[in-house]
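A closer look at the structure
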Amino acid sequence: MAISPLPVDDSSADVELLALSSRGDADAFELLYQRHNRALYNYLLRLIHRPTVAEELLQEVFLAAWKAAAKFRGEAKVKNWLFRIAHHRAVSWLRRNREEFTLDDEIPNEPVTSQAERSVEDSWRIEQLHIALDKLSPTHRAVLELAFFHEMNYAEIAKIMGCPIGTVKSRMSYARRNLSAHLKKLGVE
């Protein structure tokens, strides 16, 4: 079956692709992968800070999604379901590797979402933002990442992170306060 490219924000198309995937349609699953792999990889990379580990976890996420496609109940958007799988894989990895997890030189020097046409000043501000984000805990980075980079609301974030909405709100408040303080220290208004 030939599947034409669909816009990433079309959640009904994701449901259709996942349903086809659950019946063994590899082409549908490949399209689902193409639609979401970049956002999931960036999310994992920002939490883990290790490109090779983020790539491995991304493959684990999609393998888990392939295996569980038939069990998808439609209680959330497919995108949010994938982010929930990714979040749990990242948290598990961070727990298993807590002792060895340190920020090292494997963190990319350039923002993952680089744009060649940015001015030097804008590039500097973005770099400072990434430095400040790196000073936050993975949990607090995750809340900011999901809200601002992936435009999810508190209810969606709560489902992905497996916590109450109130916890998401308090983590967001803490993350914003600390991000602002770190940016001030770096000279960014």
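Higher on the page you've got the structure.
Read on for a plain summary of the structure. (Residues numbered from 1 in each chain as written. Predicted model: local features only at pLDDT ≥ 70, side-chain atom pairs only at ≥ 80, totals over all residues. Heavy atoms only, no water.)

Details of the nonpolar core
Generally speaking, a soluble globular protein has its nonpolar side chains buried in company with each other. Membership of the largest hydrophobic core comes to 53 residues, with the highest contact counts inside it found for Leu40, Ile48, Trp81, Leu146 and Met161. The element best represented in this core is helix α2 (residues 26-48), accounting for 11 residues. Those residues in contact with Met161 that sit more than four places away from it in its chain are Arg84, His87, Thr139, Ala142, Val143, Leu146 and Arg171. (Core = buried A, V, L, I, M, F, W, Y, C linked by side-chain atoms within 4.5 Å. Buried < 20%, exposed > 50% of the residue type's maximum accessible area, 1.4 Å probe, protein only. Helix = DSSP H or I, 4+ residues; strand = E, 2+ residues; numbered from the N terminus. Contact = heavy atoms within 4.5 Å.)

Quick look at unusual backbone geometry
Although it is not a glycine, His49 adopts a positive phi angle of roughly 65 degrees. With respect to the helices and strands, His49 occurs in the loop between α2 and α3 (51-68). If you check the backbone angles, Glu151 has positive phi at about 50 degrees while not being a glycine.

With respect to the pattern of salt bridges
Throughout the structure, instances matching the rule amount to five salt bridges. Here Glu145 ties to Arg46 by a salt bridge, and the two come within 2.8 Å at their closest N and O atoms. With Glu145 in helix α6 (residues 138-149) and Arg46 in helix α2, the pair connects residues that are 99 residues apart, well separated along the chain. Glu145 sits in the buried class, given a relative accessible area of 3%. Classification of Arg46 as buried rests on a relative accessible area of 10%. Linking Glu75 and Arg73 is a salt bridge whose minimum nitrogen-to-oxygen distance equals 3.2 Å. (Salt bridge = Lys/Arg side-chain N within 4 Å of Asp/Glu carboxyl O.)

All we've got here are geometric facts, nothing functional implied.
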